[in-house]
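Results of the structural survey
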Amino acid sequence: MARRRKGEAVSGWINLDKAYDLGSTQAVSRVRRIFNAQKAGHAGTLDPLATGVLPIALGEATKTVSFLMDADKAYRFTIEWGRTTASFDREGATTATSDVRPSVAAIEAVLPEFVGDILQVPPAFSAVKVDGERAYDLARAGEQVELKARQVSIYEARVIDAPDADHVEIAVECGKGTYVRAIVRDIAERLGACAHVSALRRTRVGPFEEETAITLELLEDLSHKARCMEALLPVETALDDIPELAVTAEDAFKLKQGRPIVLVPRQVEALKARLSPGTRTVSAMDGGSIVALCEMRAGKLEPSRVFHLDKSGD
């Protein structure tokens, strides 16, 4: 006999504004406790020293996490000149110092070199795996870690503030796998300076934006007032760039059983026009709730992930 899961069958997303010095796993645990949810996960780790957008999936929303992992992201960060650290952030041990303080004009002149599809070597203190182990575990153990360069996409990088000679604030829009600490390392090297990240805030992950993020404190306050469900976003929030198709109750039943449904030619043509190049994923919807994520093949929708939601969305 299958063991019943502990907790409530709560499903949806929380757009959390993660606080400084809080680990992503800790944040997930606290949100899960607030909702007494059976399942929880997050889309894209934020370092404890970073703040900002950390999308947290509850229940059936965990089935959509992989789509958000590939989403574009935006960051706002402060470079502090004068000191390079082992981890390229404020907590790392100092590895070099310098009196060089690049001007805003000099920084703006080199930023275009870091925009586009570029090769970036991840920092040694990163979650990249080396022979099955996390690079940061090896680095903390004092081992030399050499990581290979990989292609990342940076769409925009601009200076937004320079409060004094020691600090400059930059905003970037980028694709998955981009390391801000590596950007700072490479900018400093290009300008012949020493630097590290003194502050980092993620302002967007796909459709989840800073302006609509909620803090743990506010979420806990809503919980005390039995209003925390007000902050819960629909499961489909992470699938904003995936075309939707409304299906009949009969077809929804078939999809939930793992059976494909046949599309009429006009549905196929309409979906093809909305699909991104090289993709086939479609959201099947019934009464405003997602039924399944499907792959469109040979005029049919074949379910790849089935969702079990009631029409109220929880």
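Quick caveat: nothing in here was measured; it's all calculated off a predicted structure.

1. Some thoughts on the UniProt feature "domain: tRNA pseudouridylate synthase B C-terminal" (unreviewed entry) in the protein chain
As recorded in UniProt, the sites labelled "domain: tRNA pseudouridylate synthase B C-terminal" (unreviewed entry) are residues 181-239. Secondary structure over residues 181-239 splits into 32% helix and 22% strand, and the C-alpha atoms at its two ends are 29 Å apart.

2. Some remarks on the sheet that holds strand S17 (residues 289-297)
In spatial order, the strands read S14-S16-S17-S18-S15; together these 5 strands make up an open sheet with mixed pairing. Edge positions in the sheet fall to strand S14 (244-246) and strand S15 (261-262), since each has one partner strand and no second. Examined bridge by bridge, S15 and strand S18 (residues 300-306) share 2 bridges and lie antiparallel to one another. In the strand pairing of S18, Val-262 is matched with Lys-300. Relative to S17, helix H7 (residues 249-256) is tilted by about 75°, and along the sheet it contacts S15, strand S16 (281-286), S17 and S18.

3. Examining the packing of aromatic side chains
Scanning the model with the defined rule gives 1 aromatic pair in all. A ring pair is formed by Trp-13 and Phe-208, whose centres lie 5.4 Å apart and whose planes are at 55°; its orientation type is tilted. Placement of Trp-13 in strand S1 (residues 12-18) and of Phe-208 in strand S13 (residues 208-209) is noted, with a sequence separation of 195 residues between them. Residue Trp-13 is classed as buried on the basis of its relative accessible area of 0%.

4. Some thoughts on empty space enclosed by the protein
Under the criterion given, the structure shown has 1 cavity of 30 Å³ or more. Reported here for the largest cavity is a volume of approximately 100 Å³. Around the largest cavity, the lining residues are Asp-47, Leu-49, Ala-50, Asp-89, Arg-90, Arg-181, Val-197, Ser-198, Ala-199 and Leu-200. With 4 residues, strand S12 (residues 195-205) is the single largest residue contributor to the lining of the largest cavity.

5. Focus: the pattern of salt bridges
A side chain with one charge may pair with a side chain of the opposite charge, provided their charged atoms come close. Under the counting rule described, the total for this entry stands at 16 salt bridges. With a closest N to O distance of 3.1 Å, Glu-220 and Arg-30 form a salt bridge. Linking Glu-220 in helix H6 (residues 216-224) with Arg-30 in helix H1 (residues 24-35), this pair joins segments that are 190 residues apart in sequence. On the basis of relative accessibility, which here comes to 27%, the residue Arg-30 falls in the partly exposed class. One salt bridge connects Glu-210 with Arg-76, and the closest N-O pair in it is separated by 3.3 Å. Of this pair, Glu-210 sits in the loop between S13 and H6 while Arg-76 sits in strand S4 (residues 73-81), and the two are 134 residues apart along the sequence. The class of Arg-76 is partly exposed, set by a relative accessible area of 26%. By sharing partners, the salt bridges in this structure join Asp-17, Arg-76, Glu-169, Arg-201 and Glu-210 into a single network.

Procedures and definitions
- Residues numbered from 1 in each chain as written.
- Predicted model: local features only at pLDDT ≥ 70, side-chain atom pairs only at ≥ 80, totals over all residues.
- Heavy atoms only, no water.
- UniProt positions renumbered as here; feature names shortened; annotations may be inferred.
- Helix = DSSP H or I, 4+ residues; strand = E, 2+ residues; numbered from the N terminus.
- Pairing = 2+ DSSP bridges.
- Contact = heavy atoms within 4.5 Å.
- Axes fitted to C-alpha atoms, helices over the stretch in contact; angles between N-to-C directions.
- Phe/Tyr/Trp six-rings, centres within 6.5 Å; stacked < 30°, edge-to-face > 60°.
- Buried < 20%, exposed > 50% of the residue type's maximum accessible area, 1.4 Å probe, protein only.
- 1 Å grid on protein atoms, 1.4 Å probe; cavity = no way out; pocket = protein on both sides within 12 Å on 5 of 7 lines; lining within 4 Å.
- Points joined across faces, edges and corners; volume = space filled by probe spheres on them.
- Salt bridge = Lys/Arg side-chain N within 4 Å of Asp/Glu carboxyl O.

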